[in-house]
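Residue-level structural notes
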Amino acid sequence: MSTAWFAPPRDRIAAVPGRPFELADDASYRHWREVKLQAHPRCVEDLIVDVQDPRNLSAAEHDAILERCHRSNMAIYRSAATLADKELPRRLGAQLGLQRLDANWLADEDGISQITVGTGTSEHVSQAAAYIPYTNSAIKWHTDGYYHPKARRIHAMILHCVRAAREGGENALMDHEMAYIALRDGNPAWVRALMADDAMTIPARMGEAGVARTAQSGPVFSVDAGGALHMRYTARTRSIEWKADACTREAVAFLQELLTSAVPYRFDVRLQPGMGIVAHNVLHDRRAFVDDPVRPRLLYRARYLDRLPAQAGGRG
Ligand SMILES: [Fe+2]
């Protein structure tokens, strides 16, 4: 397990008072920001937790994953569990308090999506192949389920690698709270614009039988009932409508610039077999890849309506 870790303890993060994501509560924001920046990982190795078996975590492994998620909304586990086993992400999630899988219409019946290039071997492929995750193309920065209605917000996800691509397929990750800090420090009015209910609209998707998904308008940043920050975002320029005012446009341009800059809190990882990501719905992208035709890249993706529990520990 990585030993490169540092103060402050998680209790300090949990103890930040007030409502730091409210623009009117600047004192809380300043305090939260200071603690957050001090605790944030400096490099991708700080996110990594070695685990024996993701299906059966030890108490120390469990707590180490949750602690990283508390500091930076994400952790990367590394294991020798390289066999194809769709139960793995479900069992891993359940141990971490994640129960409510999102019922993606492209996921298999058990709610876990197999992210692989469409090969014609699955009944879902003809539909799935039309969607970019099921190709070998690059995917721009986004948070998961940005096109979902409010009731189906994705709060956490697990991405588990069974087979890596022959070349490419790296993910970049950025804690959405760090993007929030950059925006608020840049101009609080940008945050206000991105918290508006009509900031970002995903147009309706048309299927063969008419409207398959209605248009979804909503904020980029919102705060859930527990006080946690949620982000909806895509860097796509097609099939997305930003509110047509100057402040929203400036905020979006700033965010796009931030995500393509070499900022120290953007982490690149190439998942190897047995590795995976446990995270809240952080910003991420994927680079294009080239498959080994005999052993094509395969990732399992589980998306949850739950957040991870607020405190590490408790498993004893
Ligand atoms: Fe994604």
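Since this is a predicted model, take the numbers as computed values, not measurements.

Moving on, we get to the coordination of the iron ion. For the iron ion, the full set of protein donor atoms is His142 (NE2), Asp144 (OD) and His284 (NE2), and the range of their distances to it is 2.1 to 2.2 Å. Read in sequence order, the donor residues for the iron ion give the motif H-x1-D-x139-H. Here His284 lies in strand β17 (residues 283-286) and His142 lies in strand β4 (residues 139-142), a separation of 142 residues in the sequence. Assessed through its relative accessible area of 8%, His284 is described here as buried.

A word on the sheet that holds strand β2 (residues 74-78). Consider a sheet: its strands pair through backbone hydrogen bonds, and that pairing is either parallel or antiparallel. On the basis of which strands lie adjacent, the open sheet formed by six strands has the order β1-β2-β16-β5-β19-β3 and mixed pairing. Strand pairing shows two members of the sheet lacking a second neighbour, β1 (48-50) and β3 (113-115), which therefore form its edges. Strand-to-strand, the axes of this sheet are offset by a mean angle of 20°, without reference to chain direction. Where strand β5 (residues 156-163) and strand β16 (residues 276-280) come together, five bridges link them in antiparallel fashion. Looking at β16, one finds that His160 is bridged to Gly276.

Moving on to the pattern of salt bridges. What the rule picks out here adds up to 17 salt bridges. Where Arg152 meets Asp102, a salt bridge forms, and the shortest distance between an N and an O atom there is 2.9 Å. Taken together, the residues Arg152 in the loop between β4 and β5 and Asp102 in the loop between α4 (87-95) and β3 connect sequence positions 50 residues apart. Owing to a relative accessible area of 30%, Arg152 belongs among the partly exposed residues under this scheme.

Here we come to the packing of aromatic side chains. What the rule picks out here adds up to nine aromatic pairs. Centre to centre, the rings of Tyr29 and Trp32 are 6.0 Å apart; their planes meet at 35°, and the pair counts as tilted. Of this pair, Tyr29 and Trp32 both sit in helix α2 (residues 26-39), three residues apart, which is roughly one turn of the helix. On the basis of relative accessibility, which here comes to 0%, the residue Tyr29 falls in the buried class. Note on Trp32: relative accessible area 7%, which makes it buried. Sitting over the ring of Tyr29, Arg184 keeps its end group 3.8 Å from the ring centre. The residue whose ring lies beneath Arg297 is Phe289, and the NZ or CZ to ring-centre distance is 4.8 Å.

Interpreting fine coordinate detail is not advised for predicted regions of low pLDDT. Across the protein, pLDDT averages 89, with 87% of residues at or above 70. Per-residue pLDDT stays below 50 along residues 1-12; that stretch engages in 35 contacts with residues further than four places along the chain or on separate chains.

Per the stated rule, a full pass over the model turns up four cavities of 30 Å³ or more. For the largest cavity, the calculated volume is near 60 Å³. Forming the boundary of the largest cavity are Cys161, Ala164, Ala165, Gly168, Gly169, Glu170, Asn171, Arg270, Leu271, Arg297 and Leu299. Counted by class, the lining of the largest cavity contains five nonpolar, three polar and three charged residues.

The rules behind the values
Residues numbered from 1 in each chain as written. Predicted model: local features only at pLDDT ≥ 70, side-chain atom pairs only at ≥ 80, totals over all residues. Heavy atoms only, no water. Donors = N, O, S within 2.8 Å, 3.2 Å for Na, K, Ca; no water. Helix = DSSP H or I, 4+ residues; strand = E, 2+ residues; numbered from the N terminus. Buried < 20%, exposed > 50% of the residue type's maximum accessible area, 1.4 Å probe, protein only. Pairing = 2+ DSSP bridges. Axes fitted to C-alpha atoms, helices over the stretch in contact; angles between N-to-C directions. Salt bridge = Lys/Arg side-chain N within 4 Å of Asp/Glu carboxyl O. Phe/Tyr/Trp six-rings, centres within 6.5 Å; stacked < 30°, edge-to-face > 60°. Lys NZ or Arg CZ within 6 Å of the ring centre and 35° of its normal. pLDDT = per-residue confidence, 0-100. Contact = heavy atoms within 4.5 Å. 1 Å grid on protein atoms, 1.4 Å probe; cavity = no way out; pocket = protein on both sides within 12 Å on 5 of 7 lines; lining within 4 Å. Points joined across faces, edges and corners; volume = space filled by probe spheres on them. Nonpolar A, V, L, I, M, F, W, Y, C, P; charged D, E, K, R; others polar.

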